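# Examination of the molecular architecture
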Amino acid sequence: MNHSNFTSQPLHYDDQESEIPLEIRLKKQHNYFDFANISPSQVVSAFVQETETQGCNKRKGPRGGVTVPFPCKLQMMLNGVESSGLSHIVSWQPHGRCFVVHKPKEFVERVMPHYFNQTKMTSFQRQLNLYGFNRLTVGRDRGGYYHSMFLRGREFLAKCILRTRVKGTGGVKAQ
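Reference entry: report on the structure contained in this document. Since we're looking at a predicted model, the values are computed, not measured.

## Thoughts on the overall build of the protein
Secondary structure summary: the protein contains six helices and four strands in total. When its helices and strands are written in sequence order, the protein yields α-α-α-β-β-α-α-β-β-α. Looking at the 175 residues of the protein, the share that counts as buried comes to 31%. Of the contacts formed within the protein by residues at least 6 apart in sequence, a portion of 53% connects residues at least 24 apart. Surface accessibility of the protein: about 12,600 Å² in total, with carbon and sulfur atoms responsible for 51%.

## Some words on the sheet that holds strand 3 (residues 134–135)
An order of 1-2-4-3 is seen for the four strands of this open sheet, with the pairing classed as antiparallel. Each end of this open sheet is capped by a strand with a single partner; those strands are strand 1 (90–92) and strand 3. Two strands pair when backbone bridges link them, and strand 2 (residues 98–101) and strand 4 (residues 144–146) are joined in this way by three bridges, in the antiparallel orientation. Note that in strand 4 the partner of Val100 across the bridge is Gly144. The sheet contacts of helix 3 (residues 70–84) involve strand 1 and strand 2, and relative to strand 1 the element is tilted by about 100 degrees.

## Digging into the side chain of Gln118
Among the structural elements, Gln118 can be located in the loop between helix 4 (104–115) and helix 5 (121–130). Those residues in contact with Gln118 that lie beyond four places of it in its chain are Met112, Ser123, Phe124 and Gln127.

## Considerations on the pairing of strand 2
When a strand is regular, its side chains alternate between the sheet's two faces. Residues Cys98 and Val100 point to one face of strand 2 and Phe99 and Val101 to the other, with burial holding for every one of them. Note that strand 1 and strand 2 share three bridges and pair antiparallel. Looking at strand 2, one finds that Val90 is bridged to Val101. The hairpin formed by strand 1 and strand 2 contains five residues between the paired strands, and Gly96 there has a positive phi angle of roughly 75 degrees.

## Considering helix 3
Here helix 3 is 15 residues long and its end C-alpha atoms lie 20 Å apart, about the 21 Å a rise of 1.5 Å per residue gives. Along its buried surface, helix 3 packs onto strand 1, strand 2, helix 4, helix 5 and helix 6 (155–158). Positive backbone phi, at 75 degrees, marks Gly85, one or two positions downstream of helix 3.

## Points about the pattern of salt bridges
For the structure on display, the rule yields three salt bridges. Between Glu106 and Lys103 there is a salt bridge, with the nearest N and O atoms lying 3.9 Å from each other. Overall, the relative accessible area of 24% leaves Glu106 in the partly exposed class. Assessed through its relative accessible area of 36%, Lys103 is described here as partly exposed.

Quick notes on the rules
- Residues numbered from 1 in each chain as written.
- Predicted model: local features only at pLDDT ≥ 70, side-chain atom pairs only at ≥ 80, totals over all residues.
- Heavy atoms only, no water.
- Helix = DSSP H or I, 4+ residues; strand = E, 2+ residues; numbered from the N terminus.
- Buried < 20%, exposed > 50% of the residue type's maximum accessible area, 1.4 Å probe, protein only.
- Contact = heavy atoms within 4.5 Å.
- Areas by Shrake-Rupley, 256 points an atom, 1.4 Å probe, with all protein chains shown as cover.
- Pairing = 2+ DSSP bridges.
- Axes fitted to C-alpha atoms, helices over the stretch in contact; angles between N-to-C directions.
- Expected span 1.5 Å × (residues − 1).
- Salt bridge = Lys/Arg side-chain N within 4 Å of Asp/Glu carboxyl O.

Written out as structure tokens, the structure reads:
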């Protein structure tokens, strides 16, 4: 085969002046640290170090009457549905790095009332978003939710997941 007809110049696409194919540009890039083989003491020291370098306040404890943070409740729920035979509704994926709600309607009716003070799937999804969970849109885990610090059997990691602050919900200063 004669390779002289092939050029080594990059391809350009009409929709953008980019050399990267569209299917690659549409894929979300994630920075991922694998917490699967890290000890609890290493997690705590890394968590403290990161909050100090970012200038964040250390977690002072739950506020607003919340006794158990959402990620911890989520861990308890996923462990509970496995033992109560409801894993056809919501379950961990086999690798333990994400979970999938298989039947959203049954999840809202049968599972959520036992673990959360929410009655709508959209409220549940909002909590996932506020705690930094990402929804998987392609691949075998499609429809699943993951967080790098949310792993099956590693409950101590869930305690380190912080909720993002929502703009406009703080108290208004009197002038």
